[in-house]
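# Close look at the chain arrangement
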Amino acid sequence: MWGVPNWVRLVTIASLALLAFGPRTDAQTPPSAEIYIEFVSGGFIVGATAGSGTLIYAGKRYPLSVGGVRAGALIGLSKAELGGRVYNLNNVADIAGTYGAAEAGYAVVGGRRVARLRNNKGVLLELRGRQMGLDFSLDLSGMVISLR
């Protein structure tokens, strides 16, 4: 294609993938907290997500509830275990809310999932983890987190 060697195309694609899903933050600030989430998701056409998690903030552990409802081309059942960093958390109560994609898309590499999600308070989650089971539409947008 236009005289560009194949290896140049491959390096370009690999570089773009690393930029899109690499560990970045909005202002390159250190994370405010850590988060660990485990949930089960499933359904047929309309699905539900339910689970729990832990927020580690300022040296303390806070139990979390995780939920959500999804609609669309959905079929299957899966379990996901995610962990990661939390940014822009100024108050533990700010973790609560509905999270949407902070940027377009998710990456799935060998069953491992990478996502960047943001709530309406500006809290950013960078989550990595694994998915087990069969779910053709594990979409973390619309995930609701609340303190227990």
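In short, a report on the structure. (Residues numbered from 1 in each chain as written. Predicted model: local features only at pLDDT ≥ 70, side-chain atom pairs only at ≥ 80, totals over all residues. Heavy atoms only, no water.)

### Some thoughts on the side chain of Asn-119
Looking at where Asn-119 falls in the secondary structure, it is placed in the loop between strand E5 (112-118) and strand E6 (124-135). Here Asn-119 falls in the buried class, since its relative accessible area comes to 4%. Of note is the side chain of Asn-119, whose polar atom sits 3.5 Å from the backbone oxygen of Ala-96. Within polar-contact distance, the side chain of Asn-119 engages the backbone nitrogen of Val-123 at 3.1 Å. In contact with Asn-119, not counting residues within four places along its chain, are Asp-94, Ile-95, Ala-96, Thr-98 and Tyr-99. (Helix = DSSP H or I, 4+ residues; strand = E, 2+ residues; numbered from the N terminus. Buried < 20%, exposed > 50% of the residue type's maximum accessible area, 1.4 Å probe, protein only. Polar contact = N/O pair within 3.5 Å; in protein donor to acceptor, adjacent residues only side chain to side chain. Contact = heavy atoms within 4.5 Å.)

### Side note on unusual backbone geometry
Even without a glycine there, the phi angle at Ala-58 is positive, about 55°. In this fold, Ala-58 is placed in the loop between strand E1 (33-57) and strand E2 (60-87). Positive phi, close to 65°, is recorded for Asn-88, a residue that is not glycine. Secondary-structure assignment places Asn-88 in the loop between E2 and strand E3 (97-101).

### Things to note about the pattern of salt bridges
Opposite charge on two side chains permits them to pair, given that their charged atoms come into close proximity. For the structure shown, the criterion picks out two salt bridges. One salt bridge connects Glu-126 with Arg-85, and the closest N-O pair in it is separated by 2.8 Å. A residue pair is termed long-range when its members are at least 10 positions apart, and Glu-126 in strand E6 and Arg-85 in strand E2 qualify at 41 residues. Residue classification places Glu-126 among the buried positions, given a relative accessible area of 7%. Relative accessible area serves as the criterion here: at 30%, Arg-85 is assigned to the partly exposed category. Two residues, Arg-116 and Glu-126, come together in a salt bridge whose shortest N-O distance is 2.6 Å. With Arg-116 in strand E5 and Glu-126 in strand E6, this pair connects stretches of sequence that are ten residues apart. According to the relative accessible area criterion, Arg-116 is buried, its value standing at 8%. Three or more residues joined by partner-sharing salt bridges are found here, namely Arg-85, Arg-116 and Glu-126. (Salt bridge = Lys/Arg side-chain N within 4 Å of Asp/Glu carboxyl O.)

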